[in-house]
Amino acid sequence: TAEDEALAAQANASWAAFAKNGDPNAEALPKWPAFTAAGDVVMDLGVGGRWRYVMLAGGSFEVGFHGVYRDIVPNERLVSTEVFEGFPDAEAAAAVDTVTFGDIPGGTQVTMLVKHVKREHRDAHMESGMEDGLQDALVLLEQAALSLA
């Protein structure tokens, strides 16, 4: 739908800004604050492996997310479920996230697609302030990449 395309374009623009300069904030995009962890981060990066983290949203309240990795193709694709633990009937509202990586001159193009089973789940996701959480994840990704360099 047009709404799905708009959300994908916004997320892709943020990923592109992050890949280009290490900061997903750009003039035409929502401003995203830095991530503050509220607990342990779990990441078992393998097909069937689980991930989970809890963050402080806006620095004031805890927000938890978890999922399971469904498909991993090194240097190409990462597919996992994503459950927002504060959503009513959270497991039924799980999204499937697909992140793809492609070679481009001078770097890597990262594309993220978030698919929801129901339109109301997608709409709630779009209205949730998820930009803050994506910003937080991008900052952690940058820190991890820099630590491996």
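The preceding data block contains the structure.
Structure report, in brief. (Residues numbered from 1 in each chain as written. Predicted model: local features only at pLDDT ≥ 70, side-chain atom pairs only at ≥ 80, totals over all residues. Heavy atoms only, no water.)

## Here we look at the environment of Asn75
- Positionally, Asn75 belongs in the loop between strand E3 (61-73) and strand E4 (77-84).
- Each C-alpha atom of the pair Asn75 and Gly102 lies 7.8 Å from the other, and the pair is 27 residues apart in sequence. (Helix = DSSP H or I, 4+ residues; strand = E, 2+ residues; numbered from the N terminus.)

## A look at helix H2 (residues 119-126)
- Within the sequence span of H2, burial applies to His121, Arg122 and His125. Take H2 and look down its axis: the buried residues cluster within an arc of 100°, on one side only. (Buried < 20%, exposed > 50% of the residue type's maximum accessible area, 1.4 Å probe, protein only. Arc of directions from axis to C-beta.)

## What about the pairing of E4?
- Relative to E4, E3 is paired through six bridges, and the arrangement is antiparallel. Paired with Tyr69 across the bridge in E4 is Ser80.
- The hairpin formed by E3 and E4 contains three residues between the paired strands, and Asn75 there has a positive phi angle of roughly 65°.
- In this structure, E4 lies alongside strand E5 (residues 95-104), joined through six bridges in antiparallel fashion. When the bridges of E5 are listed, Arg77 appears paired with Thr100. (Pairing = 2+ DSSP bridges.)

## Here's the deal with the side chain of His116
- Within the element layout of this structure, His116 appears in the loop between strand E6 (107-115) and H2.
- On the accessibility criterion, His116 (18% relative accessible area) is buried.
- In this structure His116 touches Ala93, Ala95, His121, Arg122 and His125, once residues within four positions along its chain are discounted. (Contact = heavy atoms within 4.5 Å.)

## Re unusual backbone geometry
- One non-glycine residue, Asn75, lies in the positive phi region at around 65°.
- Overall, the relative accessible area of 74% leaves Asn75 in the exposed class.

## Here's the deal with the nonpolar core
- Among the nonpolar cores identified, the biggest contains seven residues, and these are Ala95, Val99, Val110, Met112, Val114, Leu134 and Leu138.
- Elements represented by at least two residues in this core include exactly E5, E6 and helix H3 (130-148).
- In terms of residue count, the dominant contributor to this core is E6 (three residues).
- With near-sequence residues (within four places) excluded, Val114 lies in contact with Glu82, Ala95, Val96, Asp97 and His125.
- Grouped together as the second largest cluster of nonpolar side chains are six residues, Trp51, Val63, Phe65 and Tyr69 included. (Core = buried A, V, L, I, M, F, W, Y, C linked by side-chain atoms within 4.5 Å.)

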